[in-house]
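Fold and geometry: a report
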Protein chains: 2
Amino acid sequence: MSKTSGKSGSERRSGCPLNASVEMLGDRWSLLIIRDMMLRGFRSYKELMECYEGIATNILADRLRKLIEYGIIAAEPDPQDRRKVNYVLTRKGMDLAPVLTEMVLWAAAHEETGNQQLVELMRGDKAKFLADIRARWERTQAASGK
Amino acid sequence: MSKTSGKSGSERRSGCPLNASVEMLGDRWSLLIIRDMMLRGFRSYKELMECYEGIATNILADRLRKLIEYGIIAAEPDPQDRRKVNYVLTRKGMDLAPVLTEMVLWAAAHEETGNQQLVELMRGDKAKFLADIRARWERTQAASGK
DNA sequence: AATCTTACTTGCATAATGCAAGTGATAATT
DNA sequence: AATTATCACTTGCATTATGCAAGTAAGATT
């Protein structure tokens, strides 16, 4: 039930690595969720839900579940408010930063898109940009005692 | 009919560039098609169809149509065999090379995948790898008189 | 002329998605 | 203590996308 469909791990591992990436990320929402967690610091279901009115609540739940299965994010209960669940990027999830960056730069180069500020940050010094968000992530990891 | 659904260009342009990328590439097949054209040199419907038995013929036709709409690939009739259509990457399509590369490297780092040869090529000298496939593309462009 | 290839389209069944309306657990308010 | 609000979801149902088998039209091969 929780698996995507027919293709399971063994089949994913067989081909080019790109097949695995596409299986995990090749849909309308996963990368956007990851972006919002990585760049905007979103952590809760509610934040993700309100952000882009567009994703349906059941789909968000489903994508979060799958991202957890793939080890890209993890869910941890909020110590302050026990109703809440905080979703955080794992290292595997953080390692998607270069992918997101290249996708942003590609679209910015070929489409008329918004958020030029972010684009300039990325384009100016890509390595520094990546190092910065990585460092921020390391800090949150340290803060939560990992 | 040919448009994806509700979201049209104006809506795509509004947000973060990533939204545009995901709208164009966020599905199960588009990136795989682009990879096969970029790395394996596939040009015809038949080649793409036979490659991964998995994509349905109507879906392949649909994806090719959309990729053409987005300006990522172009279709040109084969001068030798007039039944044939050759699909070629546009510059915009070629510019996806860094995206594909990062996705491959990410999956290779975090999953057990095949095609280590390709991965090593990319990992060893990413810039050179990208320059090489770019140069190859430039040559095919020159060859077809563009 | 008959057959084969290539690039599709069509019809139909199944799966994924979107929307509205719940639900159950916890927290805040009165 | 009871009521209301918030949070993270599920469930049911309609719509849309996908997958498969079969068919088709234009052009090539024999």
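Structure report, in brief. Everything numeric in this text was worked out from a predicted model, so none of it was measured.

This part covers the protein's contact with DNA strand C. In the neighbourhood of DNA strand C, 23 residues make up the surrounding shell, with Asn58 and Arg63 of chain A together with Lys46, Arg83 and Tyr87 of chain B lying closest. The sugar and phosphate moieties of DNA strand C supply 67% of its atoms located within 4 Å of the protein. Contact distances for DNA strand C include 3.5 Å between a phosphate oxygen and a side-chain N or O atom of Trp29 of chain A. Within the backbone of Val85 of chain B, one N or O atom sits 3.4 Å away from a phosphate oxygen of DNA strand C. Within the residue set of the surface near DNA strand C, elements represented by two or more residues are helix H5 (57–69) of chain A together with helix H4 (45–51), helix H5 (57–69) and strand E2 (85–89) of chain B. In terms of residue class, the surface near DNA strand C is made up of seven nonpolar, eight polar and eight charged.

What follows is about the protein's contact with DNA strand D. Around DNA strand D, 23 residues are found, and the nearest of them are Lys46, Arg83 and Tyr87 of chain A together with Arg63 and Arg83 of chain B. Of what DNA strand D places within 4 Å of the protein, 64% of the atoms are sugar or phosphate. A distance of 2.9 Å is found between a base nitrogen of DNA strand D and a side-chain nitrogen or oxygen belonging to Asn58 of chain B. One nitrogen or oxygen atom from the main chain of Arg82 of chain B is found 3.0 Å from a phosphate oxygen belonging to DNA strand D. For the surface near DNA strand D, the secondary structure elements donating two or more residues are helix H4 (45–51), H5 and strand E2 (85–89) of chain A together with H5 of chain B. Split by residue class, the surface near DNA strand D holds seven nonpolar, eight polar and eight charged.

Counting from both sides, the interface comprises 44 residues of chain B and, opposite them, 44 residues of chain A. Together chain B and chain A conceal approximately 4000 Å² of surface at their shared face, both sides included; 67% is due to carbon and sulfur atoms. It is Leu18, Arg28 and Trp106 of chain B that lose the most area in chain B upon contact with chain A, and together they represent 19% of the buried surface on that side. Inspection of the chain B/chain A interface yields two salt bridges. Salt-bridge contacts for Lys92 of chain A lead to Glu111 of chain B; the nearest nitrogen and oxygen are separated by 2.5 Å. Connecting chain B to chain A are 10 residue pairs in polar contact (both at pLDDT 80 or more).

All names here are of chain B. Following the sequence through the fold, Asn86 ends up in strand E2. One polar contact links Asn86 to Asp78, side chain to side chain, over a distance of 3.1 Å. Not counting residues up to four positions away in its chain, the partners in contact with Asn86 are Arg43, Ala74, Ala75, Glu76 and Asp78.

Another aspect to go through is the pattern of salt bridges. Residue and element names in this part refer to chain A. Evaluation of the coordinates by the stated rule reveals 30 salt bridges over all chains. Here Asp81 makes a salt bridge to Arg83, at a shortest N to O gap of 2.7 Å. Take Asp81: its relative accessible area is 23%, and that puts it in the partly exposed class. One connected set of salt bridges, linked through shared partners, spans Asp27, Asp62, Arg63, Arg65 and Lys66.

Our focus in this paragraph is the relation of the copies chain B and chain A. After a rotation of 180° and a shift along the axis of 0.0 Å, chain B superposes on chain A with an RMSD of 0.0 Å. Each copy turns onto its partner about a two-fold axis. Taken as a fraction of all interface residues of chain B, those also at the interface in chain A reach 100%, which identifies the copy contact as same-surface.

Moving on: the environment of Ile68 of chain A. All names here are of chain A. Along the polypeptide, Ile68 turns up in helix H5. Overall, the relative accessible area of 34% leaves Ile68 in the partly exposed class. Sequence separation of Ile68 and Thr90 is 22 residues, and the distance between their C-alpha atoms is 9.3 Å. Non-local contacts of Ile68, meaning those with residues more than four positions away in its chain, are made with Ile73, Ala75 and Tyr87.

Residue and element names in this part refer to chain A. Interhelical geometry of helix H7 (residues 97–110) versus helix H8 (residues 116–124) gives an angle of 115° and a closest axis separation of 10 Å. Considering the angle they form, H7 stands roughly perpendicular to H8. The interaxial crossing formed by H7 with H8 has left-handed handedness. Taken together, the residues of H8 that come into contact with H7 (itself represented by Thr101, Val104, Leu105 and Ala108) are Val119, Met122 and Arg123. Among the residues making up the contact of H7 with H8, the classes are represented as five nonpolar, one polar and one charged.

The rules behind the values
- Residues numbered from 1 in each chain as written.
- Chains lettered and ligands numbered in written order.
- Predicted model: local features only at pLDDT ≥ 70, side-chain atom pairs only at ≥ 80, totals over all residues.
- Heavy atoms only, no water.
- Near = heavy atom within 4 Å.
- Polar contact = N/O pair within 3.5 Å; in protein donor to acceptor, adjacent residues only side chain to side chain.
- Helix = DSSP H or I, 4+ residues; strand = E, 2+ residues; numbered from the N terminus.
- Nonpolar A, V, L, I, M, F, W, Y, C, P; charged D, E, K, R; others polar.
- Contact = heavy atoms within 4.5 Å.
- Buried area = accessible area lost by both parts, 1.4 Å probe.
- Salt bridge = Lys/Arg side-chain N within 4 Å of Asp/Glu carboxyl O.
- Buried < 20%, exposed > 50% of the residue type's maximum accessible area, 1.4 Å probe, protein only.
- Least-squares fit on C-alpha atoms with pLDDT ≥ 70 in both.
- Axes fitted to C-alpha atoms, helices over the stretch in contact; angles between N-to-C directions.
- Parallel < 35°, antiparallel > 145°, perpendicular 65-115°, else oblique.
- Left-handed = near helix turned anticlockwise from the far one by under 90°.

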